[in-house]
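Summary of the model geometry
Each chain is listed here by its residues.
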Amino acid sequence: MAEIWSIYIGLKLVGDLGYKRVEVETDSSKAVECISKGGNVNMAAGSLVNQIKNLMFDIVDMHHNYREANKCANLLAHEGKKVLGDTIFYGDIPPWLVHLVDGDSSGITSARLIAL
């Protein structure tokens, strides 16, 4: 449910900024399934999914990415947990994120470890 809330809040923010075409990436395959395919959701999540669908966006693509594929978003999410109730807009890349942004823009990839 937290992942669906995050998508909803993100879409509301980009809507307030005037964007109409949006690509959504998340590390929650269940959120992608619920929103894009109408997967099995409880009543509260179903209401939120309907609100997402009612937003006037042309969602160009919604897909699942493994957490390792977007370390920047993962670190931002972890830092966001530390900020209670506030929304922070950064004018520049935060110093604690620069190394990951540099690596991402350089095409550095990392392996996903899978237990066998």
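Above this text you will find the structure in question.
Described below are features of the structure shown in this document. None of the values given here were measured: they were computed from a predicted structure. (Residues numbered from 1 in each chain as written. Predicted model: local features only at pLDDT ≥ 70, side-chain atom pairs only at ≥ 80, totals over all residues. Heavy atoms only, no water.)

The next point concerns the packing of helix α4 (residues 71–81) against helix α5 (residues 98–105). Packing of α4 against α5 brings their axes to within 9 Å, and their N-to-C directions diverge by 160°. Relative to α5, α4 is oriented roughly antiparallel. Crossing angle aside, the handedness with which α4 passes α5 is left-handed. Judged by residue contacts, Lys71, Cys72 and Leu75 of α4 engage Leu100, Val101 and Asp104 from α5. Per-class residue counts for the contact of α4 with α5 are 4 nonpolar, no polar and 2 charged. (Axes fitted to C-alpha atoms, helices over the stretch in contact; angles between N-to-C directions. Helix = DSSP H or I, 4+ residues; strand = E, 2+ residues; numbered from the N terminus. Parallel < 35°, antiparallel > 145°, perpendicular 65-115°, else oblique. Left-handed = near helix turned anticlockwise from the far one by under 90°. Contact = heavy atoms within 4.5 Å. Nonpolar A, V, L, I, M, F, W, Y, C, P; charged D, E, K, R; others polar.)

With that out of the way, let us pick up the nonpolar core. Counting residues in hydrophobic clusters, the biggest one holds 17 residues, and the most contacted among them are Ile4, Ile7, Leu11, Val24, Ile35 and Ile52. Contributions of two or more residues to this core are made by α1 (2–16), β1 (21–26), α2 (29–37) and α3 (43–54). Setting aside chain neighbours within four positions, we find isoleucine 35 in contact with Ile7, Val49, Ile52, Lys53 and Met62. (Core = buried A, V, L, I, M, F, W, Y, C linked by side-chain atoms within 4.5 Å. Buried < 20%, exposed > 50% of the residue type's maximum accessible area, 1.4 Å probe, protein only.)

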